[in-house]
Each structure stands twice: as structure tokens, then as C-alpha cells.
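Reading the structure
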Amino acid sequence: MDLSDEQLLRYSRQILLPQFDIQGQERLLKACVLIFGLGGLGSPVSLYLAASGIGKLILVDPDTVDLSNLQRQIVHSEATVDLPKVISAQQRLQAINSEIQIEIHQQAFTGDELLAVVQQADLVLDCTDNLATRLAINAACVKANKPLVSAAAIRFEGQIGVFQATETSPCYQCFYGKLADLPQTCSTNGVLGPVLGVLGSMQAIEAIKLLTQIGESLTGRMLLFDALSMEWTVIRVPKRADCPVCAKD
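Residues numbered from 1 in each chain as written. Predicted model: local features only at pLDDT ≥ 70, side-chain atom pairs only at ≥ 80, totals over all residues. Heavy atoms only, no water.

**A short note on the overall build of the chain**
Counting its regular elements, the chain contains 10 helices and eight strands. Computed over the C-alpha atoms, the radius of gyration of the chain is 17 Å, within 12% of the 18 Å expected from 2.2 N^0.38 for a compact globule of 249 residues. The C-alpha extent of the chain, read off along each of the three principal axes, is 55 × 40 × 40 Å. Of all 249 residues assigned to the chain, the portion counted as buried reaches 51%. Intrachain contacts of the chain at a sequence separation of at least 6 include 67% that bridge at least 24 residues. Only carbon and sulfur atoms are counted for the fraction: they give 51% of the accessible area of the chain, which is about 12,100 Å². Considering the chain, the positive charge centre built from 19 side chains and the negative charge centre built from 26 side chains are found 5 Å apart. (Helix = DSSP H or I, 4+ residues; strand = E, 2+ residues; numbered from the N terminus. Rg over C-alpha atoms; globule rule 2.2 N^0.38 Å. Buried < 20%, exposed > 50% of the residue type's maximum accessible area, 1.4 Å probe, protein only. Contact = heavy atoms within 4.5 Å. Areas by Shrake-Rupley, 256 points an atom, 1.4 Å probe, with all protein chains shown as cover. Lys, Arg positive; Asp, Glu negative; His and termini not counted. Charge placed at Lys NZ, Arg CZ, Asp CG, Glu CD.)

What follows is the structure, given as C-alpha cells:
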């Protein structure tokens, strides 16, 4: 794929990076990325990936824009309140970069349909707001052998990790093990908007690194963020031999 003069200018600041170069931009332009959730995490993720020149974005979110979303979901605006989030986001992203393809789905995928949409992508970003959905997305990614960049945030805290289940690296289920109770959500506990911005931006960074094959990804590690103390903690995530999702029989 030969970049046009306009593309060379548009993406010049990242092409200037020696690790990235023209080859990195070509990889992004050929890539298809699936984003689950166009909320507090999906907003910065989608904005930065659209701006970076991802060839195709698949956006999935069953919800509509609510006034209470605007405190943190920066891809939306007052003008798009009551619109489906996928349409609101599509309009904003196409305004940033009219070259990219955007496919939208205003629904929650489950079962075979979830697996089918995951199989279409080169990489999956989990920007959803509940653990049950995140675990289902992880299971589909393991089955389809797709890399998953997952993040979550609540109150002043957040976490981000990359999961590519192999013989030695874990999946997202390995991190949680066998849960008896599901963690609470920000809809009942609150969240500081910029915390989601930090985690979502880092998801975009990890996605770009994976797609362009630069740097070292967070595979096998989880970053924990505490905004009140402004501290990051890195923990290793071991692969569980008894994981119900990625363990070999």
C-alpha cells in the first residue's frame, strides 16, 4: 500500500518515529479493530484510533447517549443526546477522519454472534462497563485467537492489561479466576471522568503497539492506576492451569 501525499502529511508526526515509520502506518491502514463500548473508555480509544488512521473500526454498543454520560464520554455531545451511541460516535469519528471505514452495531452480541463479530477483527478492545460482558468478550477472543486489550475503572481507580492466550500467557479470565461475586460498576459507585480518559488512552497506545509490532505489550501484566495518589502498580498475571477458558484439556 502506497501512502498518498495527503496521508503522509496527516500521519507525519507518528511516521517520524523511527520505530513506527511508513511501515507502521501501512499496518494501521490495513487493520480492522473492534471496539466494544462507546462510553468513558471507548470515547478516547475510538478518537485516538480514528485519528491514527486505523483502516476500519467496528463499533458495538446497544445504548443511547444520556445527559449523565457527557461528564466522561467525550466522543458524544449535547447535540447527540438520545441518539444511539454508535451513531453519535460514528458522526464524530468520521468528522475527524473521513478516510476510515466505520461499521456500527447497536446491539449486545452473545454466543455465536459474539464470536462471529470478534473473528472479523485483527484486534479487540474491551471498553465495556461490567465484568460479565468482559468475561464473555474474553472467551470469544480466546476461541477466535484474537488479541484483547481490556481496561476498567471505578471511582478514582483503574486497570489495563493485554491478553493473548497462549501456552504460557494468560487470558482475562486467568486474572479473575473463579468469581463468586461480580465487582460493582461506576453507575452505582461513581467515577472521575479523566480516570477513564487515562485508561482509554493507554488502551489506544497498546492497540497501536500491537498492530504495528513495536515496543513491549502488557501481555501477562496488569497495570493498576490510583488517581488519588497518582501511582501505578504493575502486577504479573500468571496463566492458570485450571482456567475454564484458556486451559488446555
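**Things to note about the layout of surface pockets**
Over the atoms rolls a probe the size of a water molecule, and in doing so it shows where empty space is left. Quantified by volume, the second largest pocket comes out at close to 260 Å³. In terms of lining residues, the second largest pocket is bounded by Gln 14, Leu 17, Phe 20, Tyr 48, Ala 51, Ser 52, Ser 201, Ala 204, Ile 205, Ile 208, Lys 209 and Ile 214. Every element with two or more residues in the lining of the second largest pocket is listed here: helix H4 (42–52) and helix H10 (193–212). When residues in the lining of the second largest pocket are grouped by element, the largest group, five residues, is from H10. Split into classes, the residues belonging to the lining of the second largest pocket amount to eight nonpolar, three polar and one charged. (1 Å grid on protein atoms, 1.4 Å probe; cavity = no way out; pocket = protein on both sides within 12 Å on 5 of 7 lines; lining within 4 Å. Points joined across faces, edges and corners; volume = space filled by probe spheres on them. Nonpolar A, V, L, I, M, F, W, Y, C, P; charged D, E, K, R; others polar.)

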